[in-house]
Amino acid sequence: FAQVHPCASDTNHKCPRAWEHEATGGYFCHSHSGCRPADHGPFPSEECEAQCSIGKVDVAGGGDVAVPFNCQKVNSKDWS
């Protein structure tokens, strides 16, 4: 998984400026100049090769965010 770094302060984007200081930010894609809210996760790598984050993006799940464990290796009996 590619790591998404914060956008540089001089990044020219048309994403909502409120993302810089509100509770939830988003992502900017340099490749196609698109914006995506943080709750949708980062752009999938096949849609956007170069992206950065704006503001707070610590939202679980979505996009290419890595899962902290392998869900397929967890036994269902462990959930009872």
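To keep things clear, this report deals only with the structure shown in the data block. Please read these numbers as outputs of a predicted model, since none were measured by experiment.

**Brief notes about the overall build of the protein chain**
In terms of regular secondary structure, the protein chain is built from zero helices and four strands. In the protein chain, the succession of helices and strands from N to C terminus is β-β-β-β. For the protein chain, with 80 residues in total, the buried portion stands at 29%. In the protein chain, 34% of the contacts between residues at least 6 apart in sequence involve partners at least 24 apart. In the structure as shown, the protein chain presents an accessible area of about 5,800 Å², 49% of it carried by carbon and sulfur atoms.

**Points about the sheet that holds strand E2 (residues 26–29)**
Read across the sheet, four strands follow the order E1-E4-E2-E3 without closing on themselves; strand pairing throughout is mixed. Of all the strands in the sheet, just strand E1 (5–6) and strand E3 (35–37) have a single pairing partner and so form its edges. The sheet contact formed by E2 and E3 spans three bridges and is antiparallel. The residue bridging Tyr-27 from the neighbouring strand is Arg-36, located in E3.

**Notes on unusual backbone geometry**
Even without a glycine there, the phi angle at Ser-33 is positive, about 60 degrees. Counting through the fold element by element, Ser-33 comes out in the loop between E2 and E3.

**Notes on the side chain of Arg-36**
Inspection of the secondary structure puts Arg-36 in strand E3. It turns out Arg-36 is buried and unbridged, and the closest side chain with the opposite charge, Glu-47, is 4.4 Å from it. Among the polar contacts made by the side chain of Arg-36, one reaches the main-chain carbonyl oxygen of Gly-41 at a distance of 2.7 Å.

Thresholds, definitions, all that
Residues numbered from 1 in each chain as written. Predicted model: local features only at pLDDT ≥ 70, side-chain atom pairs only at ≥ 80, totals over all residues. Heavy atoms only, no water. Helix = DSSP H or I, 4+ residues; strand = E, 2+ residues; numbered from the N terminus. Buried < 20%, exposed > 50% of the residue type's maximum accessible area, 1.4 Å probe, protein only. Contact = heavy atoms within 4.5 Å. Areas by Shrake-Rupley, 256 points an atom, 1.4 Å probe, with all protein chains shown as cover. Pairing = 2+ DSSP bridges. Lys, Arg positive; Asp, Glu negative; His and termini not counted. Salt bridge = Lys/Arg side-chain N within 4 Å of Asp/Glu carboxyl O. Polar contact = N/O pair within 3.5 Å; in protein donor to acceptor, adjacent residues only side chain to side chain.

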